[in-house]
Amino acid sequence: MIYGERKVKAPIRWAMVGGGKGSQIGYIHRSAALRDHSFQLVAGAFDLDPERGREFGAGLQVEPERCYADYQTLFAAEAKREDGIQAVSIATPNGTHFAISKAALEAGLHVVCEKPLCFTLAEAEELRALAERRQRMLCVTYGYAGHQLITQARAMIANGELGEIRMVHMQFAHGFHSEAVEQGNPSTQWRVDPRYAGPSYVLGDLATHPLYLSEVMLPQLKIEKLLCARQSFVRSRAPLEDNAYVLMQYSGGVMGHVWASAVNAGSMHGQKIRVIGSRASLEWWDEQPNQLRFEIQGEPARILERGMGYLYPEALEDDRIGGGHPEGLFESWSNLYYRFALAMEACDAGEHDRVKTLHIPGIEAGVAGVRWVENCVRSADLGAVWVDYR
Ligand code: NAD
């Protein structure tokens, strides 16, 4: 159970790049990082518009001289201070992630970067090599990976409760962009422009989330081949897709399927994962995150509720309140952020084995997401054919 005590020896001096006023994701980064006193927000380059960023930083109680005009000045100026930042979170549009992460690692900072980590596998591997060389953490915010019922699913699968794993079905399919809403919404506009979004829209923006949940639940699965078909139902979005289907063949004959969509009219969020074994299946849906459906063949379906004593002990460790009360995205992100802080502290102490026990989406998760998108795009652009995974 979490009661809010600080888990790290001292709060990590932390800054944000992006995540400014009006941004979609900035607040949850701050809420999660600051919740258990693991981080202290002391600086930032919060906005593309320096003046707006400074004003916003003041509202967050950041000292005016530590609200910088851009990330280059932020990293350079903070490096000169004895109490300079130790970590930075990057919550800017995709096209900036590579350059900002690279500059942050070169400045000796731990990094939390939004997904997708960058545009190409070559860039992702360059960041991995740099993080390894500088011995810095590079984490990625697949937010629901911190939810206790994802931990429960991982434990149930590892303990053989589903039998032999046969299939994995994933989806992240909302309906918010069923029309060309980007015409009046800057947050959506860059998402459908390859210059800022990269080689995909929904594959990178949405599908990588449940894909990472599958990696957490089923770490043994390795993709061998995949086939992807992608479409732009709102035609002005081409060449980027607003809908995609991906079929995957894993080692050992396991099959997988991902549906990613921003045009699933009427759907609110629609992020789901269903793992099917020879004996039973598990299903989790982000719109009802406190319930995990467990269906044993030939028996009535069971709903496992978060916070209940029948769950595995590791699925209870991060509860902040008992069962019955809902915990969701904000708690899940907070769980990830306190683990990021512990990982940064362990990394500083050279305790790399401890980092491995923390179950965080680190650099491997970032690289895996970019690799998957690259393979999907290759398959789709060849005409939706099976391709070997590389
Ligand atoms: P947004 O367009 O709503 O906000 C982007 C923010 O970054 C704005 O405040 C903008 O002023 C600022 N910005 C842009 N370039 C900057 C720069 N060079 N320096 C400083 N600030 C800069 O975008 P968003 O929807 O918040 O998405 C940001 C990132 O977060 C994207 O990579 C997106 O894929 C990701 N995201 C992740 C999740 C998740 O669940 N993990 C959810 C939504 C978005």
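Residues numbered from 1 in each chain as written. Predicted model: local features only at pLDDT ≥ 70, side-chain atom pairs only at ≥ 80, totals over all residues. Heavy atoms only, no water.

Caption draft 1: Region of the structure containing the overall build of the protein. The secondary structure content of the protein amounts to twelve helices and 14 strands. Computed over C-alpha atoms, the radius of gyration of the protein comes to 21 Å, within 12% of the 21 Å expected from 2.2 N^0.38 for 390 residues, which places it in the range of a compact globule. Projected onto the principal axes, the alpha-carbon positions of the protein cover approximately 65 × 50 × 40 Å. Considering the protein as a whole, with its 390 residues, one finds that 55% of them fall into the buried category. Accessible surface computed for the protein: about 16700 Å², of which carbon and sulfur atoms make up 53%. For the protein, the distance from the average site of its 40 positive side-chain charges to the average site of its 48 negative ones is 2 Å. (Helix = DSSP H or I, 4+ residues; strand = E, 2+ residues; numbered from the N terminus. Rg over C-alpha atoms; globule rule 2.2 N^0.38 Å. Buried < 20%, exposed > 50% of the residue type's maximum accessible area, 1.4 Å probe, protein only. Areas by Shrake-Rupley, 256 points an atom, 1.4 Å probe, with all protein chains shown as cover. Lys, Arg positive; Asp, Glu negative; His and termini not counted. Charge placed at Lys NZ, Arg CZ, Asp CG, Glu CD.)

Caption draft 2: Local environment of the side chain of N335. Tracing the backbone through its elements, the reader meets N335 in helix 10 (residues 329-348). Once residues lying within four places of it in the same chain are set aside, the contact partners of N335 are I2, G146, Q148, D318 and R320. (Contact = heavy atoms within 4.5 Å.)

Caption draft 3: Structural view of the sheet that holds strand 2 (residues 39-45). Pairing within the open sheet is parallel, and its five strands lie in the order 2-1-3-4-5. Edge positions in the sheet fall to strand 2 and strand 5 (138-140), since each has one partner strand and no second. Across this sheet, the average inter-strand angle for adjacent strands is 25°, counted without regard to direction. Pairing geometry for strand 3 (residues 87-91) and strand 4 (residues 110-113), over four bridges, is parallel. Across the sheet, residue A87 finds its bridge partner in strand 4, namely H110. (Pairing = 2+ DSSP bridges. Axes fitted to C-alpha atoms, helices over the stretch in contact; angles between N-to-C directions.)

Caption draft 4: Focus on the side chain of N290. Tracing the sequence through the fold places N290 in the loop between strand 11 (280-285) and strand 12 (291-296). Classification of N290 by relative accessible area gives buried; the value is 8%. Within the local environment of N290, its side chain forms a polar contact with the backbone oxygen of E327, the two atoms lying 2.7 Å apart. In contact with N290, not counting residues within four places along its chain, are H147, L149, L304, E305, R306, H325, P326 and E327. (Polar contact = N/O pair within 3.5 Å; in protein donor to acceptor, adjacent residues only side chain to side chain.)

Caption draft 5: Here's a closer look at helix 5 (residues 121-134). A rise of 1.5 Å per residue sets the reference length of helix 5, with its 14 residues, at 20 Å; its end C-alpha atoms lie 20 Å apart and thus fit the reference within 8%. Among the residues of helix 5, those classed as buried are L121, A124, L127, R128, L130 and A131. (Expected span 1.5 Å × (residues − 1).)

Caption draft 6: Molecular detail of the site of the ligand. Lining the immediate environment of the ligand, one finds 25 residues, of which N94, E114, T141, S187 and W190 sit closest. Between the ligand and the protein, one listed contact pairs an oxygen atom with a side-chain N or O atom of S187 at 2.3 Å. H209 is positioned with one of its side-chain polar atoms (N or O) 3.5 Å from an oxygen atom of the ligand. In isolation the ligand exposes 850 Å². Once the protein is present, 89% of that is buried. Of all elements in the fold, only strand 1 (12-18) and helix 9 (202-217) reach the threshold of two or more residues within the shell around the ligand. Split by residue class, the shell around the ligand holds nine nonpolar, eleven polar and five charged. The two domains that each donate at least three residues to the shell around the ligand are domain 1 (12-144 + 336-362) and domain 2 (147-321 + 369-388). (Near = heavy atom within 4 Å. Nonpolar A, V, L, I, M, F, W, Y, C, P; charged D, E, K, R; others polar. Domains from an automatic or database assignment.)

Caption draft 7: Representation of the packing of helix 5 against helix 12 (residues 363-381) in the model. For the pair helix 5 and helix 12, the least separation of the axes is 9 Å and the interaxial angle reads 170°. When the interaxial angle is binned, helix 5 and helix 12 end up roughly antiparallel. On the side of helix 5, the interface is formed by L121, A124, E125, L127 and R128, while helix 12 contributes I363, E364, V367, V370, R371 and E374. Residues belonging to the contact of helix 5 with helix 12 are distributed by class as follows: six nonpolar, no polar and five charged. (Parallel < 35°, antiparallel > 145°, perpendicular 65-115°, else oblique.)

Caption draft 8: Region of interest: the pattern of salt bridges. Applying the stated criterion to the full structure yields 30 salt bridges. Ionic pairing is found between R136 and D348, a salt bridge with its closest N-O pair at 2.9 Å. A residue pair is termed long-range when its members are at least 10 positions apart, and R136 in the loop between helix 5 and strand 5 and D348 in helix 10 qualify at 212 residues. Between R274 and E295 there is a salt bridge, with the nearest N and O atoms lying 2.9 Å from each other. In this pair, R274 sits in strand 10 (residues 271-277) while E295 sits in strand 12, placing the two residues 21 residues apart along the sequence. (Salt bridge = Lys/Arg side-chain N within 4 Å of Asp/Glu carboxyl O.)

Caption draft 9: Here's a closer look at the domain arrangement of the protein. The domain architecture assigned to the protein consists of domain 1 (12-144 + 336-362) and domain 2 (147-321 + 369-388). Look at where the C-alpha atoms of domain 1 and domain 2 centre, and you get two points 26 Å apart. Each partner contributes to the interface: domain 1 provides 24 residues, whereas domain 2 provides 28 residues. Roughly 2200 Å² is buried in total at the junction of domain 1 and domain 2, and carbon and sulfur atoms are behind 52% of that figure. (Buried area = accessible area lost by both parts, 1.4 Å probe.)

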